[in-house]
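Spelled out from the first residue to the last, the chains are:
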Amino acid sequence: MMARIVQVATARRHLRMSSRSSGFTLLEVLVALVVLSIGLLGLSGLQTNSLRNNHSAFLRSQATLAITDIMDRMRANSDAANADNYDINYGTTPSATACTSNCSAQDVANMDLVEWRSYVERLPGGEGEIDVDANGVAEVKVRWADTRDSGNKLEIITRSQI
């Protein structure tokens, strides 16, 4: 009988300790959720920053492709390039030419500039400028608005011999 009384007393003591420790466990779970939430917020911030930088790299690649394209076009039509037919400023709109056969070098240059300018303008705030000097060195500039620095435009300048 004595053993039965000790067993009942031990069970009651265990029941009281169990009810007190269950509240402490709930507090631990809440703290863990707060820590996990902060970690997930930090992770989402890193993901957003990564996407922004990835888009910026994409725009830089597109600008580089545009420069390479017009340089190749000028090399293919070097007589017109050396005659300053490819020179264009940032705000200037090239004149459209509808030439289907027997095109002059200047007509080809105008068509190239119209196509190139439309490609550059696909960039956000995209603008392009070309200058060929008397020595046949072409300087091509492309600038655009970047999401990482909204106040300034990024610019790539390339110089190459035609």
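Residues numbered from 1 in each chain as written. Predicted model: local features only at pLDDT ≥ 70, side-chain atom pairs only at ≥ 80, totals over all residues. Heavy atoms only, no water.

Novice: Help me get a handle on the side chain of E129, residues and values and all.
Specialist: Within the secondary structure, E129 is located in strand β1 (residues 127–132). Exposure remark for E129: the relative accessible area of 16% places this residue in the buried category. (Helix = DSSP H or I, 4+ residues; strand = E, 2+ residues; numbered from the N terminus. Buried < 20%, exposed > 50% of the residue type's maximum accessible area, 1.4 Å probe, protein only.)

Novice: I'd like a description of the state of the cysteines, backed by residues and values.
Specialist: Overall, the coordinates contain one disulfide when judged by the stated rule. One disulfide in the model links C99 with C103; its S-S distance is 1.8 Å. Linking C99 and C103, the disulfide has an S-S dihedral of approximately -120° and is accordingly described as left-handed. (Disulfide = S-S within 2.5 Å.)

Novice: So what's going on with the pairing of strand β2 (residues 137–146)? Residues and values would help.
Specialist: Counting buried positions along β2 gives seven out of ten residues, so the element sits mostly inside the fold. The turn joining β1 and β2, which pair antiparallel and follow one another in sequence, is formed by four residues; a positive phi near 80° is taken by G136. (Pairing = 2+ DSSP bridges.)

Novice: Could you give an account of the environment of Q161, naming the residues involved and the relevant values?
Specialist: Along the chain, the position of Q161 falls in strand β3 (residues 149–161). C-alpha separation for the pair Q161 and G136, spaced 25 residues apart in sequence, amounts to 5.9 Å. Once you skip the residues sitting within four places of it in the chain, Q161 turns out to touch R75, N135, G136 and V137. In this structure the side chain of Q161 is engaged in a polar contact, spanning 3.0 Å, whose partner is the backbone oxygen of N135. (Contact = heavy atoms within 4.5 Å. Polar contact = N/O pair within 3.5 Å; in protein donor to acceptor, adjacent residues only side chain to side chain.)

Novice: Please set out the pattern of salt bridges residue by residue, giving values where relevant.
Specialist: Under the defined criterion, the tally for this structure stands at nine salt bridges. The residue R73 makes a salt bridge to D69 at a minimum N-O spacing of 3.0 Å. With R73 and D69 both in helix α1 (residues 2–76) and four residues apart, the pair spans about one turn of that helix. The exposure class of D69 is partly exposed, given its relative accessible area of 28%. Here E139 makes a salt bridge to K141, at a shortest N to O gap of 3.7 Å. Taken as a pair, E139 and K141 share a single burial class, namely buried. Where salt bridges share partners, they join D69, R73, D112 and E115 into one cluster. (Salt bridge = Lys/Arg side-chain N within 4 Å of Asp/Glu carboxyl O.)

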